[in-house]
Amino acid sequence: MGECRHLAIIMDGNGRWAKAQGKPRTMGHLAGADNVRNIAIAANEAGVKYLTLYAFSTENWKRSEEEVGYLMKLPAYLFQKYMKEFMERGFRIRTIGELSRLPAATAKVLTDAAEESKNNTGLNLIIAINYGSRREILLAAKHYAQDVLAGRPEDLDEEGFSRYLMTEDIPDVDFLVRTSGEQRISNYLLWQIAYAELMFVPESWPEFTPEVLNRCLQAFGKRDRRYGGVHESAES
Ligand code: FPP
């Protein structure tokens, strides 16, 4: 059975979930933040080593000031409530995205969590925040160009280029799941999902329980990943 080392999730549908219950959208995001804890624990128990969660995209700034402000407070909520538990379980907190453009307090909470957990060797819990993949690739290209101008030309290959991305030393995504029925990638990890298996589930993010996760991982395990080659059993 195929191993899912790196699971990436697009946590969609918080707003619709809240609305269906007659609650404000922000209540959906709050339930979504609590679910980050539940799914991180379940993914770790299922043997996932890297879990990358799309918390805020470079396009999400278009939302109302109130909603953006609320989302920016969620990292503090998450880590105040659950950091102790994450540390006990050996989680290493990391981020991808441009933290410099976040409110200073939000960036600090994230860098503090990363610093506190940097020597942990368990699940890498990676929060994608103010993240957009095209921007990531653009910044990588600029950075490489600067290195070349500084006299460090190297024969750039795929492996070398991926080290310029925000995911640097993080392996490619094995499995990408998007919740809440939408079937698109939305500028998420475009380079890193080159050979990922994709799954779109109807449950919204607050409804995405550990049971649903385990069902997804089981289905992933049955997929025949060929990376453009031919599967052994089909060769003769
Ligand atoms: C998409 O649902 C969700 C987001 C844009 C925010 C995701 C954030 C969380 C799950 C909270 C956890 C975050 C951190 C930093 C710990 P939507 O609002 O687009 O839902 P809709 O499509 O139903 O409107």
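We now turn to the structure provided with this report.

Before going further, it helps to examine the overall build of the chain. Looking only at helices and strands, one finds seven helices and six strands in the chain. The secondary structure elements of the chain, listed N-terminal to C-terminal, are β-α-α-β-α-β-α-β-α-α-β-β-α. What you see for the chain is a C-alpha radius of gyration of 18 Å, in line with the 18 Å of a compact globule of 236 residues. The principal-axis extent of the C-alpha atoms belonging to the chain is close to 55 × 50 × 35 Å. Put simply, the chain has 236 residues, and 48% of those count as buried.

A few words now on a negative patch on the surface. Residues Glu154, Asp155, Asp157 and Glu158 make up a contiguous surface patch of negative charge. Within the element layout of this structure, glutamate 154 appears in the loop between α5 (133-149) and α6 (158-162). Owing to a relative accessible area of 35%, glutamate 154 belongs among the partly exposed residues under this scheme.

Counting residues in each nonpolar core, the largest one holds 46 residues, and the members touching the most others are Leu7, Ile9, Leu51, Phe86, Leu125, Phe175 and Phe208. Elements supplying a minimum of two residues to this core: β1 (6-10), α2 (25-45), β2 (50-57), α3 (65-88), α4 (104-116), β4 (124-131), β5 (175-178) and α7 (210-222). Those residues in contact with phenylalanine 208 that lie beyond four places of it in its chain are Ile9, Asn35, Ile39, Val177, Thr179, Val201, Glu203, Leu213 and Cys216.

What follows is about α5. Relative to the 24 Å expected for 17 residues at 1.5 Å per residue, α5 spans 24 Å between its end C-alpha atoms, a close match to the ideal helical length. Among the residues of α5, those classed as buried are Ser133, Glu136, Ala140, Tyr144 and Asp147. One side of α5 carries all its buried residues, which in axial view fall inside an arc of 70 degrees. Those residues of α5 that are exposed and aimed more than 90 degrees away from the buried face are Arg134, Gln146 and Leu149. Of the surrounding elements, those touching the buried residues of α5 are β4 and α6.

Turning our attention to the environment of alanine 128. Relative to the assigned elements, alanine 128 resides in strand β4. The exposure class of alanine 128 is buried, given its relative accessible area of 0%. Alanine 128 sits 68 residues away from alanine 196 along the chain, and the two C-alpha atoms are 18 Å apart. Among residues more than four places away in sequence, those in contact with alanine 128 are Leu53, Tyr54, Ala55, Phe56, Ile96 and Tyr188.

A separate point is unusual backbone geometry. Of note, the phi angle at serine 186 is positive, near 50 degrees, even though the residue is not glycine. When its relative accessible area of 31% is taken as the criterion, serine 186 is described as partly exposed.

Under the definition given, this model contains twelve aromatic pairs. Seen in terms of ring centroids, phenylalanine 86 and phenylalanine 91 are 5.5 Å apart; in terms of plane orientation they differ by 25 degrees. Their pairing is stacked. Among the residues examined, phenylalanine 86 registers a relative accessible area of 0% and is labelled buried. A centroid spacing of 5.5 Å and a plane angle of 80 degrees characterise the contact between tyrosine 144 and tyrosine 164, whose relative ring orientation is edge-to-face. Here the residue tyrosine 144 occupies a position in helix α5, and tyrosine 164 occupies one in the loop between α6 and β5, the gap between them amounting to 20 residues. For the pair formed by tyrosine 144 and tyrosine 164, the shared burial category is buried. Taken together, the aromatic side chains of Phe79, Tyr82, Phe86 and Phe91 make up a single cluster linked through ring pairs.

Definitions and cut-offs
Residues numbered from 1 in each chain as written. Predicted model: local features only at pLDDT ≥ 70, side-chain atom pairs only at ≥ 80, totals over all residues. Heavy atoms only, no water. Helix = DSSP H or I, 4+ residues; strand = E, 2+ residues; numbered from the N terminus. Rg over C-alpha atoms; globule rule 2.2 N^0.38 Å. Buried < 20%, exposed > 50% of the residue type's maximum accessible area, 1.4 Å probe, protein only. Patch = residues over 30% accessible without salt bridge, like charges linked within 9 Å, V, L, I, M, F, W, Y side chains within 5 Å. Areas by Shrake-Rupley, 256 points an atom, 1.4 Å probe, with all protein chains shown as cover. Salt bridge = Lys/Arg side-chain N within 4 Å of Asp/Glu carboxyl O. Lys, Arg positive; Asp, Glu negative; His and termini not counted. Charge placed at Lys NZ, Arg CZ, Asp CG, Glu CD. Core = buried A, V, L, I, M, F, W, Y, C linked by side-chain atoms within 4.5 Å. Contact = heavy atoms within 4.5 Å. Expected span 1.5 Å × (residues − 1). Arc of directions from axis to C-beta. Phe/Tyr/Trp six-rings, centres within 6.5 Å; stacked < 30°, edge-to-face > 60°.

The quantities given are spatial measurements derived from coordinates; they are silent on function.
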